[in-house]
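Observations on the model geometry
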Amino acid sequence: MLNKNIPIPLYYQLKERLTQTICEGELEPGALMPSERELSDRYEISRMTVRQALGEMVKEGLLVREQGKGTFVAEPKIAQPLLRLTSFSEDMRSRGMKPESRILAIYVEEAAPNVATALNLGDNRSVLVLERIRLADSKPMAYEVSHLPLARFPDLEQEDLHSVSLYTLLEEKHGLQIKFARQVIEVGLSDRSNSEELGIALKSPVLLIERVTFDADERPFEFVSSVYRGDRYKLQVELHR
Ligand code: 16G
């Protein structure tokens, strides 16, 4: 039971109690939370108090509300370190998750001016565009559009990129040495097309990430713009002084 005789608000006590049951694994990610009525009966508190506790937990990302379905325990966020250049596949494997890609499109096009500048393209502006949904344990995590100079990777279009890591392919088959990347991260809202592909509500918070990656000769070989789910990612960095 909650303690009505101490100066700690009841909604806060309930929130702490529910958070504890989630942290201890009693309520697992994806589990449906008991309804407001059940919680108010169980803890003998008003539904308004329950609503306040659940509302705060939704704001903090511990719970997610799905229209018409109920409130669920959120999947834990992936803490993405910012100082190492890794691939999506490496990141997921290092966490014991299975990386996969759903290829939405592969095509060749004339690079847009910003892509041509980022990739330092001269007269030959043909780029291979790879649109992928990146999945971890079958759940969509990110939407990525990669642009690669076609002249450097003419055979890439024929490869089976569904289960393979692009970086592994470039390193192992094309002998590329991946050296460093420049990345810009912004906050944004999901739009109609990526919301659907990522399985999130329209205008959900997302991370918009742009990466230009360079080889050992410091030549840029990929320009990637991606949309990462804000409910599944947090960024982590170690700061020194
Ligand atoms: C990451 C990179 C992306 C790269 C991909 C390769 C970010 C924001 N993006 O998702 O630039 O193309 O890894 O992954 O980190 P893969 O080797 O698994 O295909």
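As the structure is a computational prediction, the values presented were derived from the model and not from experiment.

How each quantity is defined
Residues numbered from 1 in each chain as written. Predicted model: local features only at pLDDT ≥ 70, side-chain atom pairs only at ≥ 80, totals over all residues. UniProt positions renumbered as here; feature names shortened; annotations may be inferred. Helix = DSSP H or I, 4+ residues; strand = E, 2+ residues; numbered from the N terminus. Expected span 1.5 Å × (residues − 1). Buried ≥ 20, exposed ≤ 12 C-beta atoms within 10 Å, placed from the backbone. Arc of directions from axis to C-beta. Pairing = 2+ DSSP bridges. Axes fitted to C-alpha atoms, helices over the stretch in contact; angles between N-to-C directions. Parallel < 35°, antiparallel > 145°, perpendicular 65-115°, else oblique. Left-handed = near helix turned anticlockwise from the far one by under 90°. Contact = placed C-beta atoms within 7 Å. Nonpolar A, V, L, I, M, F, W, Y, C, P; charged D, E, K, R; others polar. Domains from an automatic or database assignment.

**Regarding the UniProt feature "domain: HTH gntR-type" (unreviewed entry) in the protein**
In this numbering, the UniProt entry assigns the feature "domain: HTH gntR-type" (unreviewed entry) to residues 8–76. Here residues 8–76 runs as 51% helix and 12% strand, with 27 Å between its end C-alpha atoms.

**Let's talk about helix 3 (residues 47–59)**
Across its 13 residues, helix 3 extends 18 Å between first and last C-alpha, which sits within 8% of the 18 Å expected from 1.5 Å per residue. When helix 3 is considered as a whole, its buried residues turn out to be Thr49, Val50, Ala53, Leu54 and Met57. Buried positions in helix 3, seen along its axis, are confined to an arc of 130° and lie on one side of it. Among the exposed residues of helix 3, those oriented more than 90 degrees off its buried face are Met48 and Lys59.

**Considering the sheet that holds strand 7 (residues 178–189)**
Neighbouring strands of a sheet are bound in pairs by backbone hydrogen bonds; such pairs are parallel or else antiparallel. What the six strands build is an open sheet, ordered 4-5-6-9-8-7; its pairing is antiparallel. Sheet topology places strand 4 (99–110) and strand 7 at the edges, where each strand pairs with a single neighbour. Pairs of neighbouring strands in the sheet enclose a mean axial angle of 15°, with direction left out of account. For strand 8 (residues 205–215) and strand 9 (residues 220–229), the ladder comprises nine bridges, and the chain directions are antiparallel. Bridge pairing in strand 9 places Glu210 opposite Ser225.

**Concerning the packing of helix 2 (residues 36–43) against helix 3**
It is at 9 Å that the axes of helix 2 and helix 3 come closest, and there the two elements cross at 115°. Classified by the interaxial angle, the pair formed by helix 2 and helix 3 is roughly perpendicular. At the point where helix 2 passes helix 3, the crossing takes the right-handed sense. Along its contact with helix 2, which presents Glu36, Arg37, Leu39 and Ser40, the element helix 3 presents Arg47, Val50 and Arg51. Split into classes, the residues belonging to the contact of helix 2 with helix 3 amount to two nonpolar, one polar and four charged.

**Observations regarding the pairing of strand 8**
In this sheet, strand 8 lies alongside strand 7 in antiparallel orientation, the contact comprising 11 bridges. Bridge pairing in strand 8 places Glu186 opposite Leu208. Here strand 8 hands over to strand 9 after four residues, with Glu218 in that stretch at a positive phi of 60°.

**Observations concerning the environment of Lys173**
With respect to the helices and strands, the residue Lys173 is situated in the loop between helix 6 (166–172) and strand 7. Each C-alpha atom of the pair Lys173 and Phe214 lies 17 Å from the other, and the pair is 41 residues apart in sequence.

**What about the domain arrangement of the protein?**
Under the domain assignment used here, the protein contains domain 1 (10–73) and domain 2 (78–236). For domain 1 versus domain 2, the separation of C-alpha centres amounts to 36 Å.

**Considering helix 1 (residues 10–23)**
Residue pairs three or four apart in sequence face the same way in an α-helix, which turns once every 3.6 residues. Spanning 14 residues, helix 1 covers 20 Å between terminal C-alpha atoms, matching the ideal 20 Å at 1.5 Å per step. Within helix 1 the residues assigned to the buried category are Tyr11, Leu14, Lys15 and Leu18. Along the axis of helix 1, the buried positions cluster into a sector of 100°, meaning they face one direction only. Turned more than 90 degrees away from the buried face of helix 1, the exposed residues are Glu16, Gln20 and Cys23. Elements in contact with the buried residues of helix 1: helix 2 and helix 3. Phi turns positive one or two residues past the end of helix 1, at Gly25, with a value near 85°.

**Overview of the packing of helix 1 against helix 3**
Orientation of helix 1 relative to helix 3, taken along the N-to-C sense of each, is 50°, at an axis distance of 8 Å. On the basis of their axis angle, the class for helix 1 and helix 3 is oblique. Two packed elements cross with a definite hand, and for helix 1 against helix 3 that hand is right-handed. Counting all contacts with helix 1, which are made through Leu10, Tyr11, Leu14, Lys15, Leu18 and Thr19, the residues of helix 3 involved are Thr49, Val50, Gln52, Ala53, Glu56 and Met57. The residue makeup of the contact of helix 1 with helix 3, split by class, is seven nonpolar, three polar and two charged.

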